[in-house]
Amino acid sequence: MSEGLNPVRVRFAPSPTGYLHLGGARTALYDYLLAQKSGGQFVLRIEDTDRKRFIEGAEQDLMNSLRWLGLQWDEGPDIGGPYGPYRQSERKQIYQEYGEKLVEQGNAYYCFCTPERLVKVRAEKQSKKEPPHYDRTCRNIPLEEARKRIAAGEPHVLRFKTPMEGTTTVKDLLRGEITFENKTLDDYIIIKTDGWALYHLAAAVDDHLMKITHVIRGSEWLPTAPLHSMIHRAFGWEEPVWVHLSVFLKPSGKGKMSKREAAELSKDGYSIFVKDLDGLGYLPEAMVNWTALMGWSYDDHTEFFTMQDLIEKFSLEKLNPSPAAINFTKFDYFNKLHIKALSDAELAQRLKPFFEKAGIEAPIATLELVAPILKERITTLDDAVEMARFFFVDDITYMTERFPIEGCSKTETLVIGTKVEQALNSIEVWDTDHLDTSMRALMEQEGKEPRQFFGFLREVISGQRISPPLFESMQILGKAVVLQRLRNALSFIEEKVA
RNA sequence: GCCCCCAUCGUCUAGAGGACCAGGACGCAGCCCUUUCAAGGCUAAAACUGGAGUUCGAAUCUCCAUGGGGGCACCA
């Protein structure tokens, strides 16, 4: 539990090449939790050394999504901090200096091979069923000669000089020591022809300079972890604690989510992109709870967690190294749970935009009255519009096939309707108790079953087959509105129902 | 092809040698409650990948096999 005692510095280091998705969000969440729990710092660093893959607006999306989830960083490109700049594109010079240092120390060398030649080498190696690595042609060029060629303007990259014998052992917090045969490793390029550092160098340098204590990242980094360790060691730096999270698998459990499958999801009202979740009616609280539990657990029965709970209870030791399939049905469940946990006022506030989007004017005061009877029966905030629109819209659309009362004639329905009108009219105190007493008495007097009688009333006030509880709804609507709707319904039946 | 990781119900997981004929949750099925829909309650079906070891004893430790996943760019 050492991380609970010493403040950690963690970083979330996305590249601005797309929208924040589930996997990234979960990594950021764990970063945030660890920083909060330990009283340390959560750093946001943008890894944008590859200008070709840069996508306009991606950085903004990243920050918006992180904020929506409630994962506020302590240092980052927008707010600065003591170890900035926090955008790698603004640190080019730094990486070059450290690259040069590696050359001087004999840990890196200049390589003049052309991309074309590299492609050829790779193809040859592959046809010989060998690892498709660089053949190390330039590894033995004397430094003096290399410098002359550089001075003469020859294009070049910088490669890490990986030992050709022995082993490199990396310590992953979840998996223990992982040993790699050095001969299976490559002489990775760490600075490109254009002078920009690659992830391997940039991340190592930044993690050190920014005093990062724990690196939490996806397990796709495991194969290059020995390189990262070697870079730290070459500089004589203390390595951060490496924590490689399992990947998320698609719902079937077979493989990673592909672009095509991610698009398919929207048909079911789901998305792996955080930016879509708000509009779909999901709560950030639910998203946090759900993803926290994919790869981490607290005990054998606790499943509801607020952010505060998570900050208190999160621990790296309980992380699970095995891959997890994304289960959206469970996301729905957590969304229900967190909707129910919202106060009526809070739920009303969150519901408001969904009605607006549907072109329905829904006053907050009414939404607050509707909130308690709605919160038990909606899965997403979006569901509320369909279920509760009749509270805010007056022109109820009645359907002929829903009348007359089940098992009754048109005439009998109209007679009962008139009696309902009289009974309602005479109710002095318009609340659920009086409505219940009055209506139930009438129902029994008429010898009708609850499903016939109340079903009819439900239809009358809402035009819906499914609605929140009847008497609560009638109370909220108010006597005048209910009576008006009853009259409307009766004339509809009179005119349109056979 | 090579390297690395992982392995308990359909899914997320509890389990760190005896407390396990394996617990919880989602989902699914049935029942109860019920004016609809939910919610709630109860019940059911459902798993330790296989094989060798170690041990008095293994879901838990070791090895092998199998399966699944990830990686092998002048991307991150």
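Residues numbered from 1 in each chain as written. Chains lettered and ligands numbered in written order. Predicted model: local features only at pLDDT ≥ 70, side-chain atom pairs only at ≥ 80, totals over all residues. Heavy atoms only, no water.

Participant: Is there a simple way to think about the packing of helix 4 (residues 92–105) against helix 7 (residues 199–209) in this case?
Facilitator: In a pair of packed helices, the angle between the axes and the distance between the axes together describe the arrangement. Close contact between helix 4 and helix 7 brings their axes to 10 Å; oriented N to C, the two are set at 100 degrees. Judged by the inter-axis angle, helix 4 sits roughly perpendicular to helix 7. Mapping the contact onto sequence places Ile-94, Tyr-95, Tyr-98, Gly-99 and Leu-102 in helix 4 and Leu-201, Ala-202, Val-205, Asp-206 and Leu-209 in helix 7. Partitioning the contact of helix 4 with helix 7 into residue classes produces 8 nonpolar, 1 polar and 1 charged. (Axes fitted to C-alpha atoms, helices over the stretch in contact; angles between N-to-C directions. Helix = DSSP H or I, 4+ residues; strand = E, 2+ residues; numbered from the N terminus. Parallel < 35°, antiparallel > 145°, perpendicular 65-115°, else oblique. Contact = heavy atoms within 4.5 Å. Nonpolar A, V, L, I, M, F, W, Y, C, P; charged D, E, K, R; others polar.)

Participant: Before we go on, may I ask you to explain the nonpolar core in this structure?
Facilitator: Generally speaking, soluble globular proteins have nonpolar side chains that are buried together. Ranked by internal contacts, the top residues of the largest apolar core, which has 113 residues, are Phe-355 and Leu-424. Take this core: its biggest share by element is 9 residues, from helix 2 (residues 22–38). Once residues lying within four places of it in the same chain are set aside, the contact partners of Leu-424 are Trp-430, Leu-435, Met-439, Met-474, Lys-479, Val-482, Leu-483 and Leu-486. Counting 41 residues, the second largest nonpolar core, distinct from the first, contains Ile-191, Met-210, Val-215 and Phe-235. (Core = buried A, V, L, I, M, F, W, Y, C linked by side-chain atoms within 4.5 Å. Buried < 20%, exposed > 50% of the residue type's maximum accessible area, 1.4 Å probe, protein only.)

Participant: So what exactly am I meant to see when it comes to the domain arrangement of chain A here?
Facilitator: Buried accessible area, meaning the area lost when the parts come together, often serves as the stated size of an interface. One can read the domain layout of chain A as domain 1 (91–245), domain 2 (344–391) and domain 3 (400–496). The distance between the C-alpha centroids of domain 2 and domain 3 comes to 24 Å. Each partner contributes to the interface: domain 2 provides 11 residues, whereas domain 3 provides 12 residues. When domain 2 packs against domain 3, close to 910 Å² is buried across both sides, 76% of that on carbon and sulfur atoms. The largest per-residue losses of area from domain 2 upon contact with domain 3 belong to Ile-373, Phe-390 and Phe-391, which jointly make up 63% of the total buried on that side. Remark: the boundary between domain 2 and domain 3 carries 0 salt bridges. Only helix 15 (364–374) and helix 16 (383–388) provide two or more residues apiece to the side of domain 2 that touches domain 3. Here the element with the most residues in the side of domain 2 that touches domain 3 is helix 15; it accounts for 5 residues. Classifying every residue of the side of domain 2 that touches domain 3 gives 7 nonpolar, 1 polar and 3 charged. (Domains from an automatic or database assignment. Buried area = accessible area lost by both parts, 1.4 Å probe. Salt bridge = Lys/Arg side-chain N within 4 Å of Asp/Glu carboxyl O.)

Participant: What is the right way to read the protein's contact with RNA strand B from this model?
Facilitator: Residues in close proximity to RNA strand B total 67 residues, the closest being Thr-49, Lys-192, Thr-193, Glu-376 and Arg-377. Within 4 Å of the protein, atoms of RNA strand B come from sugar and phosphate in 73% of cases. At a separation of 2.7 Å, a phosphate oxygen of RNA strand B approaches a polar backbone atom of Gly-295. Looking at the surface near RNA strand B, the elements that each hand over two or more residues are helix 5 (115–127), strand 6 (176–181), strand 11 (324–325), helix 13 (328–341), helix 19 (450–462) and helix 20 (470–477). Among the elements that line the surface near RNA strand B, the one with the most residues is helix 13, at 5 residues. Here the surface near RNA strand B is composed, by residue class, of 29 nonpolar, 16 polar and 22 charged. (Near = heavy atom within 4 Å. Polar contact = N/O pair within 3.5 Å; in protein donor to acceptor, adjacent residues only side chain to side chain.)

Participant: What's the story with the environment of Gly-195 in this structure? I'm lost.
Facilitator: Mapping Gly-195 onto the fold places it in the loop between strand 7 (189–191) and helix 7. With residues near it in sequence (within four places) discarded, Gly-195 still touches Lys-92 and Gln-96.

Participant: Teacher, can you tell me more about the environment of Gly-478 here?
Facilitator: Within the secondary structure, Gly-478 sits in the loop between helix 20 and helix 21 (479–496). Taking the relative accessible area as the measure of exposure, Gly-478 reaches 17% and is therefore buried.

Participant: Would you mind going over the pairing of strand 6 with me for this structure?
Facilitator: Along any regular strand, the residues point their side chains to alternate faces of the sheet. Where strand 5 (residues 167–172) lies against strand 6, 6 bridges are found, and the strand directions are antiparallel. Each bridged residue has a counterpart across the sheet, and for Thr-169 the counterpart in strand 6 is Thr-179. Counted between consecutive antiparallel strands, the loop separating strand 5 from strand 6 contains 3 residues. (Pairing = 2+ DSSP bridges.)

Participant: Is there a simple way to think about the packing of helix 2 against helix 11 (residues 284–292) in this case?
Facilitator: At a minimum axis distance of 10 Å, the contact between helix 2 and helix 11 shows a crossing angle of 85 degrees. Between helix 2 and helix 11, the crossing angle belongs to the class labelled roughly perpendicular. Contacts from Leu-22, Ala-25, Arg-26, Leu-29 and Tyr-30 in helix 2 reach Met-287, Val-288, Trp-290, Thr-291 and Ala-292 in helix 11. Along the lines of polarity and charge, the residues of the contact of helix 2 with helix 11 split into 8 nonpolar, 1 polar and 1 charged.

Participant: In this structure, what is going on with the packing of aromatic side chains? I would like to understand it.
Facilitator: The relation between two aromatic rings is expressed through the spacing of the ring centres and the mutual angle of the planes. As enumerated under the stated definition, the model contains 22 aromatic pairs in all. Seen from their ring centres, Trp-290 and Phe-328 are 5.5 Å apart, and the 45 degrees between their planes marks the pair as tilted. Within this pair, whereas Trp-290 is found in helix 11, its partner Phe-328 is found in helix 13, the two being separated by 38 residues in sequence. One exposure class covers both Trp-290 and Phe-328, and it is buried. Put simply, the rings of Tyr-30, Trp-296, Tyr-298, Phe-305 and Phe-314 touch in pairs and so form one group of aromatic residues. When the ring centre of Tyr-134 is taken as reference, the NZ or CZ atom of Arg-159 above it lies at 3.6 Å. (Phe/Tyr/Trp six-rings, centres within 6.5 Å; stacked < 30°, edge-to-face > 60°. Lys NZ or Arg CZ within 6 Å of the ring centre and 35° of its normal.)

Participant: I'm lost on the layout of surface pockets in this one. Help?
Facilitator: Gaps between atoms show up when a probe of the same size as a water molecule is rolled over them. Computed from the structure, the largest pocket encloses a volume of approximately 1500 Å³. Around the largest pocket, the lining comprises 44 residues; the ones closest to its centre are Ser-15, Thr-17, His-21, Gly-24 and Glu-220. Those elements that place two or more of their residues in the lining of the largest pocket are strand 1 (9–12), helix 2, strand 8 (214–218) and helix 9 (259–265). Per-element accounting of the lining of the largest pocket gives the leading share, 5 residues, to helix 2. Of the residues assigned to the lining of the largest pocket, the class counts are 20 nonpolar, 13 polar and 11 charged. (1 Å grid on protein atoms, 1.4 Å probe; cavity = no way out; pocket = protein on both sides within 12 Å on 5 of 7 lines; lining within 4 Å. Points joined across faces, edges and corners; volume = space filled by probe spheres on them.)

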